Amino acid sequence: MRVASAPLIATAMLLSFAAPPAARAADLTPAEQCDREAGSELDLERNKAFPPVASEDIRIGVALSACREAYNQNGGARTQFQLARVLDRAGEKLKSLRILGEAAQNGHALAMAMYGTRLVERGEAEAAFDLYRRAAAAGNAVAAHNLAAAYRDGVGTDVDGRLAALWFERATTDQVR
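Residues numbered from 1 in each chain as written. Predicted model: local features only at pLDDT ≥ 70, side-chain atom pairs only at ≥ 80, totals over all residues. Heavy atoms only, no water.

In this model helix α9 (residues 141-153) runs 18 Å from its N-terminal to its C-terminal C-alpha over 13 residues, within 8% of the 18 Å that 1.5 Å per residue would give. Taken as a whole, α9 has its buried residues at A143, A144, N146, L147, A148, A149, A150 and Y151. Here the buried face of α9 lies against α7 (109-121), α8 (125-137) and α10 (161-171). N-cap assignment for α9: the residue whose side-chain oxygen lies 3.0 Å from the backbone N of V142 is N140. Within two residues after α9, G154 carries a phi angle of roughly 70 degrees, on the positive side. (Helix = DSSP H or I, 4+ residues; strand = E, 2+ residues; numbered from the N terminus. Expected span 1.5 Å × (residues − 1). Buried < 20%, exposed > 50% of the residue type's maximum accessible area, 1.4 Å probe, protein only. Contact = heavy atoms within 4.5 Å. Polar contact = N/O pair within 3.5 Å; in protein donor to acceptor, adjacent residues only side chain to side chain.)

All chains considered together, the criterion is met by 12 salt bridges. With a closest N to O distance of 3.5 Å, R68 and E92 form a salt bridge. Of this pair, R68 sits in helix α4 (residues 60-72) while E92 is found in the loop between α5 (77-89) and α6 (93-105), placing the two residues 24 residues apart along the sequence. Using a relative accessible area of 24% as the deciding quantity, one classes E92 as partly exposed. R152 is the salt-bridge partner of D153, the closest N and O atoms lying 2.8 Å from each other. With relative accessibility at 45%, the residue D153 sits in the partly exposed group. What makes R152 partly exposed here is its relative accessible area of 45%. Connected through shared salt-bridge partners, R36, E37 and R59 make up one network. (Salt bridge = Lys/Arg side-chain N within 4 Å of Asp/Glu carboxyl O.)

Here helix α3 (residues 30-38) crosses α5 at 50 degrees, and the two axes come no closer than 10 Å. As the angle between them shows, α3 and α5 are arranged oblique. Note that α3 runs across α5; the crossing there is left-handed. Packed against α3, whose contacting residues are A31, C34, D35 and A38, the element α5 presents R78, T79, Q82, R85 and V86 at the interface. Partitioned by chemical class, the residues of the contact of α3 with α5 number four nonpolar, two polar and three charged. (Axes fitted to C-alpha atoms, helices over the stretch in contact; angles between N-to-C directions. Parallel < 35°, antiparallel > 145°, perpendicular 65-115°, else oblique. Left-handed = near helix turned anticlockwise from the far one by under 90°. Nonpolar A, V, L, I, M, F, W, Y, C, P; charged D, E, K, R; others polar.)

All right, on to the packing of α5 against α6 then. One way to put it is that α5 packs onto α6 with a least axis distance of 8 Å and a crossing angle of 160 degrees. Taken together, the axes of α5 and α6 lie roughly antiparallel to each other. Between α5 and α6 lies a crossing whose hand is left-handed. Contacts between α5 and α6 involve A77, Q80, F81, L83, A84, L87 and D88 from the former and K93, K95, S96, I99, L100, E102 and A103 from the latter. Class assignment for the residues of the contact of α5 with α6 results in eight nonpolar, two polar and four charged.

For the rest of this paragraph, the subject is the packing of aromatic side chains. What the rule picks out here adds up to one aromatic pair. Ring centres of F129 and Y151 lie 5.2 Å apart, and the angle between their planes is 85 degrees; this geometry places the pair in the edge-to-face category. A residue pair is termed long-range when its members are at least 10 positions apart, and F129 in helix α8 and Y151 in helix α9 qualify at 22 residues. Judged on exposure class, the residue F129 and its partner Y151 are both buried. One residue, R170, lies across the ring of W167, its end atom 4.7 Å from the ring centre. (Phe/Tyr/Trp six-rings, centres within 6.5 Å; stacked < 30°, edge-to-face > 60°. Lys NZ or Arg CZ within 6 Å of the ring centre and 35° of its normal.)

Okay, here's the thing in structure tokens:
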């Protein structure tokens with residue numbers, strides 16, 4: 001009987017050292033949990049340790065809790081962007097917009113592109129153009145596309161077909177990330 005139980009005990013001991021990934025979730029910081037639950041596939045600044053999460057796949061309760069906690073712990077621009085993303089998904093549009101603006105102000109490139117779009121909707125095209133220009137210069141493809149459209153349509157700037165073509169080209173090539 002002792003001989004038969006020795007392999008079982010050894011197996012149990014080995015399994016106790018190999019914790020499954022779900023068990024390690026408790027070891028994540030709130031910022032890492034926020035990264036895991038709300039990192040956008042379009043965000044070049046996202047934590048690459050976790051796969052991207054499509055907007056429709058955000059688990060609102062878990063993501064909101066983690067991202068709010070990370071934000072309250074003075075999370076940076078990426079955390080602000082991700083919290084804004086979760087709030088938008090949860091239908092809290094005004095809170096989302098306010099925090100998206102914070103992330104844009106703090107230099108998060110994708111937040112600048114997205115916040116710029118909201119500014120255009122509010123009639124603040126010049127401010128949006130500036131955000132698109134800064135984010136596109138930082139290599140953000142979404143911002144490069146928005147900047148190209150702004151040049152094409154004269155949104156916040158004069159119409160300039162040459163610059164529109166240039167930025168549309170950059171938005172689809174390796175010249176931006």
